[in-house]
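Structural description and commentary
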Amino acid sequence: MSQEIILNADPRERTGSNKARVIRNIDVMIPAVIYGNELPGENIKLPLNELTKASQNELFYTQVLKIKIGDKEEKVVLKELQRDPAKGKFLHADFLRVSRKTKLKVIVPFRFLNEEDCIGVKMEGGVLTKLLREIEVMCLAGNIPEAIEVDVANIDLGDGIRLTELVLPEGAEVSGLDDGQDQMLVSVNAPKAVEEDPIEEEALEGEEGEEGEEVSESSDGEEGSDVEETESSAEGSEES
């Protein structure tokens, strides 16, 4: 884990909607609860500014967090972060206690490596298509990966990498693969054919039509001249 998110908290003795409003509006803190790991639930309150800053880090939603309550520390993962649906303000947070041996389902993003050196793109003119950006994995709380790295350097045109081909951290597994739900993660495909602009095609057809009309008019004029010359010759013969 590249960084650890630490939150400071104070005990919260009283509960209830009225008290929660006082905590949010006057104390400028957010009520929360810590539960699980076969221990009693613990009511706490977190500084709004700390919670806001932590929530802007994507690791806040996937990694093990540390909450300090006085001299005590709790290792937890976020289970729920409630917000006001209209104003978006934080209302309440739920945290689950974990130990290093606790198995969790977490959403982990992919990190694609060597995109510029991909054989199918660089040597064969293909297009790299990322079909998934993140995946749900089951792993130990003490070994949650920040991201799953996917090296795309050796993908040929028409080939790709499936979920079953991923190299995962020790003890981690992709959820759902036991049911045979394998899936393509990334692939290199031939670029789509470029379609001609229909507006340009119409313009070309229009020009061809105009040229045809000019030729037709010119032909009609020449035929008319031949007729007049023939009639004049006939009249001259009769007079003679």
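Throughout what follows, the structure given in this document is the object of discussion.

Conventions we followed
- Residues numbered from 1 in each chain as written.
- Predicted model: local features only at pLDDT ≥ 70, side-chain atom pairs only at ≥ 80, totals over all residues.
- Heavy atoms only, no water.
- Pairing = 2+ DSSP bridges.
- Helix = DSSP H or I, 4+ residues; strand = E, 2+ residues; numbered from the N terminus.
- Axes fitted to C-alpha atoms, helices over the stretch in contact; angles between N-to-C directions.
- Buried < 20%, exposed > 50% of the residue type's maximum accessible area, 1.4 Å probe, protein only.
- Contact = heavy atoms within 4.5 Å.
- Patch = residues over 30% accessible without salt bridge, like charges linked within 9 Å, V, L, I, M, F, W, Y side chains within 5 Å.
- Areas by Shrake-Rupley, 256 points an atom, 1.4 Å probe, with all protein chains shown as cover.
- Salt bridge = Lys/Arg side-chain N within 4 Å of Asp/Glu carboxyl O.
- Lys, Arg positive; Asp, Glu negative; His and termini not counted.
- Charge placed at Lys NZ, Arg CZ, Asp CG, Glu CD.
- Phe/Tyr/Trp six-rings, centres within 6.5 Å; stacked < 30°, edge-to-face > 60°.
- 1 Å grid on protein atoms, 1.4 Å probe; cavity = no way out; pocket = protein on both sides within 12 Å on 5 of 7 lines; lining within 4 Å.
- Points joined across faces, edges and corners; volume = space filled by probe spheres on them.
- Nonpolar A, V, L, I, M, F, W, Y, C, P; charged D, E, K, R; others polar.

**Comments concerning the sheet that holds strand 11 (residues 160-162)**
- The strand order 8-13-11 describes an open sheet built from 3 strands, whose pairing is antiparallel. If you trace the sheet from one side to the other, it starts and ends with strand 8 (127-130) and strand 11, each paired once. Taking the axes of each pair of neighbouring strands and ignoring which way they run, one obtains an average angle of 10° across the sheet.
- In terms of strand pairing, strand 11 meets strand 13 (residues 184-189) through 3 bridges, oriented antiparallel. Considered in strand 13, the bridge of Arg-162 is made with Met-184.

**Comments concerning the sheet that holds strand 10 (residues 148-151)**
- Pairing is mixed across the open sheet formed by 4 strands, whose spatial order is 10-7-9-12. Strands with a single pairing partner mark the edges of an open sheet, and in this sheet they are strand 10 and strand 12 (173-174).
- Bridging between strand 7 (residues 103-113) and strand 10 involves 4 bridges; their strand directions are parallel. Bridge pairing links Phe-110 to Ile-148 in strand 10.

**Quick word on the environment of Val-108**
- By secondary structure assignment, the location of Val-108 is in strand 7.
- Owing to a relative accessible area of 0%, Val-108 belongs among the buried residues under this scheme.
- It is 6.8 Å that separates the C-alpha atoms of Val-108 and Glu-146, two residues lying 38 residues apart in sequence.
- If near-sequence neighbours (up to four positions away) are discounted, Val-108 is found in contact with Glu-134, Ile-135, Val-137, Pro-145, Glu-146, Ala-147 and Ile-148.

**What about a negative patch on the surface?**
- A cluster of acidic residues, Glu-124, Asp-156, Asp-159, Glu-165 and Asp-182, forms a negative patch at the surface.
- Take Asp-156: it is sitting in the loop between strand 10 and strand 11.
- Judged by its relative accessible area of 34%, Asp-156 is partly exposed.

**Observations concerning the pairing of strand 7**
- With 7 bridges joining them, strand 7 and strand 9 (residues 134-140) adopt antiparallel strand pairing. Directly across from Lys-105, in strand 9, lies its bridge partner Met-138.

**Concerning the packing of aromatic side chains**
- In this structure the tally under the stated criterion is 2 aromatic pairs.
- Between Phe-60 and Tyr-61, the ring centres sit 5.2 Å apart and the planes meet at 85°, which makes this aromatic pair edge-to-face.
- Classification of Phe-60 by relative accessible area gives buried; the value is 0%.
- Taking the centre distance of 6.2 Å and the plane angle of 45° together, the rings of Phe-110 and Phe-112 count as tilted. Per residue, the accessibility class of Phe-110 equals that of Phe-112, and both read buried.

**Considering the pattern of salt bridges**
- Summed over all chains, the structure comprises 10 salt bridges.
- Of the charged contacts in the structure, one is a salt bridge between Lys-72 and Glu-42, with a shortest N-O distance of 2.9 Å. Pair noted here: Lys-72 is in strand 5 (residues 72-83) and Glu-42 is in strand 3 (residues 39-47), with a separation of 30 residues, a long-range link.
- Judged by relative accessible area, which is 38%, Lys-72 ranks as partly exposed.
- Where Glu-42 meets Arg-97, a salt bridge forms, and the shortest distance between an N and an O atom there is 3.8 Å. Of this pair, Glu-42 sits in strand 3 while Arg-97 is found in strand 6 (residues 90-97), placing the two residues 55 residues apart along the sequence.

**A short note on the layout of surface pockets**
- Its boundaries defined by the atoms lining it, the largest pocket holds a volume of some 230 Å³.
- Around the largest pocket, the lining residues are Arg-21, Arg-24, Asn-25, Met-29, Ile-30, Leu-48, Asp-84, Lys-87, Lys-89, Phe-90 and Leu-91.
- Elements supplying a minimum of two residues to the lining of the largest pocket: helix 1 (17-25), strand 2 (29-36) and strand 6.
- Per-element tally for the lining of the largest pocket: the top contributor is helix 1, with 3 residues.
- Among the residues forming the lining of the largest pocket, the class breakdown is 5 nonpolar, 1 polar and 5 charged.

**Considering the side chain of Arg-12**
- Assignment of secondary structure puts Arg-12 in the loop between strand 1 (6-11) and helix 1.
- Here Arg-12 occupies a buried position and makes no salt bridge, while the nearest side chain of opposite charge, Asp-94, is found at 7.3 Å.

**Examining the environment of Val-127**
- Summarising the element assignment, Val-127 is placed in strand 8.
- Judged by relative accessible area, which is 40%, Val-127 ranks as partly exposed.
- As a C-alpha pair, Val-127 and Ser-187 span 60 residues in sequence and 8.2 Å in three-dimensional space.
- Look past the residues within four positions of Val-127 in its chain and what remains in contact with it is Val-121, Ser-187, Val-188, Asn-189 and Pro-191.

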